[in-house]
Amino acid sequence: RHSYFGNDACEPYAPVLKTLDYATNIRRRVLTAFEEAEQTDDPAKREALMTFAVIGAGPTGVELAGVIADLARRVLPREFRRIDTRRSRVVLIEAGPRVLSGFPDDLSDYARASLEKLGVTVMTGEAVSECNSEGLQVGDDFVPARTLIWAAGVQASNAGKWLGCKTDRAGRVEVNPDLTLPGHPEIFVIGDTASVTSNGKPVPGIAPAARQMGSHVAATVCARIAGLIPPEKFTYRHLGSLATIGRGAADADFGRFRLKGALAWWFWGAAHIYFLIGTRSRVTVAWSWLWSYFTGQNSARLITVSDPVTARHEAIAAAEAVAEAAAQQAEALRRSA
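Residues numbered from 1 in each chain as written. Predicted model: local features only at pLDDT ≥ 70, side-chain atom pairs only at ≥ 80, totals over all residues. Heavy atoms only, no water.

Draft legend 1. Spatial organisation of the side chain of Asp168. Mapping Asp168 onto the fold places it in the loop between α5 (159-163) and β8 (173-174). Within the structure, the side chain of Asp168 is placed 3.4 Å from the side chain of Ser195, a separation counted as a polar contact. In this view, Asp168 contacts Glu174 and Ser195; residues no more than four positions away in its chain are not counted. (Helix = DSSP H or I, 4+ residues; strand = E, 2+ residues; numbered from the N terminus. Polar contact = N/O pair within 3.5 Å; in protein donor to acceptor, adjacent residues only side chain to side chain. Contact = heavy atoms within 4.5 Å.)

Draft legend 2. Highlighting the sheet that holds strand β14 (residues 241-244). Taking strand neighbours across the sheet as the criterion, the three strands line up as β14-β15-β16 in an open arrangement whose pairing is antiparallel. Looking at which strands have only one partner, the edges of the open sheet turn out to be β14 and β16 (257-260). Averaged over all pairs of adjacent strands, the angle between their axes in this sheet comes to 5°, without regard to strand direction. Pairing between strand β15 (residues 250-254) and β16: four bridges, direction antiparallel. Bridge pairing links Asp251 to Lys260 in β16. (Pairing = 2+ DSSP bridges. Axes fitted to C-alpha atoms, helices over the stretch in contact; angles between N-to-C directions.)

Draft legend 3. A look at the packing of helix α7 (residues 262-274) against helix α8 (residues 279-295). As a packed pair, α7 and α8 sit with axes 9 Å apart at the nearest point and diverge in direction by 155°. With respect to α8, the element α7 is oriented roughly antiparallel. For the pair α7 and α8, contact is made by Trp265, Trp266, Trp268, Gly269, His272, Ile273 and Tyr274 and by Arg282, Val285, Ala286, Trp289, Leu290, Tyr293 and Phe294, respectively. A class-by-class count of the residues in the contact of α7 with α8 yields eleven nonpolar, two polar and one charged. (Parallel < 35°, antiparallel > 145°, perpendicular 65-115°, else oblique. Nonpolar A, V, L, I, M, F, W, Y, C, P; charged D, E, K, R; others polar.)

Draft legend 4. View of the pairing of strand β6 (residues 141-144). The pairing of strand β5 (residues 135-138) with β6 spans four bridges and is classified as antiparallel. Within the sheet, the bridge partner assigned to Leu136 lies in β6 and is Val143. Following β5, the chain reverses through two residues before pairing antiparallel with β6; Gly139 in that reversal takes a positive phi of roughly 60°.

Draft legend 5. Representation of the pattern of salt bridges in the model. Scanning the entire structure with this criterion turns up nine salt bridges. Among the ionic pairs, Glu116 bridges to Arg112, the shortest N-O distance being 3.2 Å. Residue Glu116 and its partner Arg112 are both found in helix α4 (residues 105-117); the two are separated by four residues, about one turn of the helix. By relative accessible area, Glu116 is classed as partly exposed at 42%. The exposure class assigned to Arg112 is partly exposed, which follows from its relative accessible area of 27%. One salt bridge connects Asp168 with Arg172, and the closest N-O pair in it is separated by 2.8 Å. (Salt bridge = Lys/Arg side-chain N within 4 Å of Asp/Glu carboxyl O. Buried < 20%, exposed > 50% of the residue type's maximum accessible area, 1.4 Å probe, protein only.)

Draft legend 6. Looking closely at the packing of aromatic side chains. For the structure on display, the rule yields nine aromatic pairs. Considering the side-chain rings of Phe254 and Phe267, the 5.2 Å spacing of their centres and the 75° angle between planes classify their relative orientation as edge-to-face. Residue Phe254 is found in strand β15, and its partner Phe267 is found in helix α7; the two are separated by 13 residues along the sequence. Classification of Phe254 as partly exposed rests on a relative accessible area of 26%. We classify Phe267 as partly exposed; its relative accessible area is 36%. (Phe/Tyr/Trp six-rings, centres within 6.5 Å; stacked < 30°, edge-to-face > 60°.)

Draft legend 7. Inspection of the nonpolar core at higher detail. Of all hydrophobic cores here, the largest spans 36 residues; its most connected members are Phe34, Val62, Leu92, Leu115 and Val120. Put simply, the parts of the chain that give this core at least two residues each are α1 (20-39), β1 (51-55), α3 (59-75), β2 (89-94), α4 and β3 (120-124). No other element matches α3, which puts eight residues into this core. Leaving out residues up to four positions away in the same chain, Leu92 has contacts with Val54, Gly56, Ala57, Gly61, Val62, Ala65, Val99, Leu115, Val120, Thr121, Val122 and Met123. (Core = buried A, V, L, I, M, F, W, Y, C linked by side-chain atoms within 4.5 Å.)

Structure, rendered in structure tokens:
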């Protein structure tokens, strides 16, 4: 799940993009902000409603900032009468020195220039220390913004706690080179729950790495069953990194081979379509994307009422209430006995 780096109080105000429900929630917040800005007569409130802050300038943060800026400047202007959505402010905040820190410097510089061309304000070298309903604190500055999105940090699952084993700072289990738990060759830990190096570098917690780990574990188990010698260690093959920057711009890093601009954007789309399951899904998505690109007609902009953040807090509160009631009942039974 996501990590707020100790700023857990930010969670109710700055949702993350991890599931489809969270994506629907972010869409609702963005569209509702424009609707409220259309109705208010308070200039300060309107400015805050039309300011969108994205925390974290990794691939997710860069893509979100670019999409919101493109939405405000290209898609929505004709749908409002009192406000000009093109005057919206999108702020991308990164605690590190540059955006897309996992990419080479030239691709990182291109991403920043492309975002600024879209009108995105990029703030680097400053961390977010506080979030509330009015905005967020970045270093010594307070940024008034009613819509906040958290795109920084991943927290490993609780597997390390279940196993009672050694973990790194992110909570990932430190495993042997063959992905087994030290002292327990029958236990494998893979994906972004595992902390392992390959060719002297940490294996990133991304889907291609998890797929390769799964294949390695399967080969190891099959070799053991067949009485053969299993692979000694896991070797990660980096297949490349992709990040889009709004409409028609992207970065693609394949080591010695790099792409940027429109060509990288088309490659990003083709790669995502290729990994879809089933020919029908690939054709449907490809046709939908091409239609949207050439006609400018985007998908429906629906405002839904589901809020996974609120639902999660309500579920936790309900569970705590049930636990408290059970404890009281147990105490009553103990006293009566």
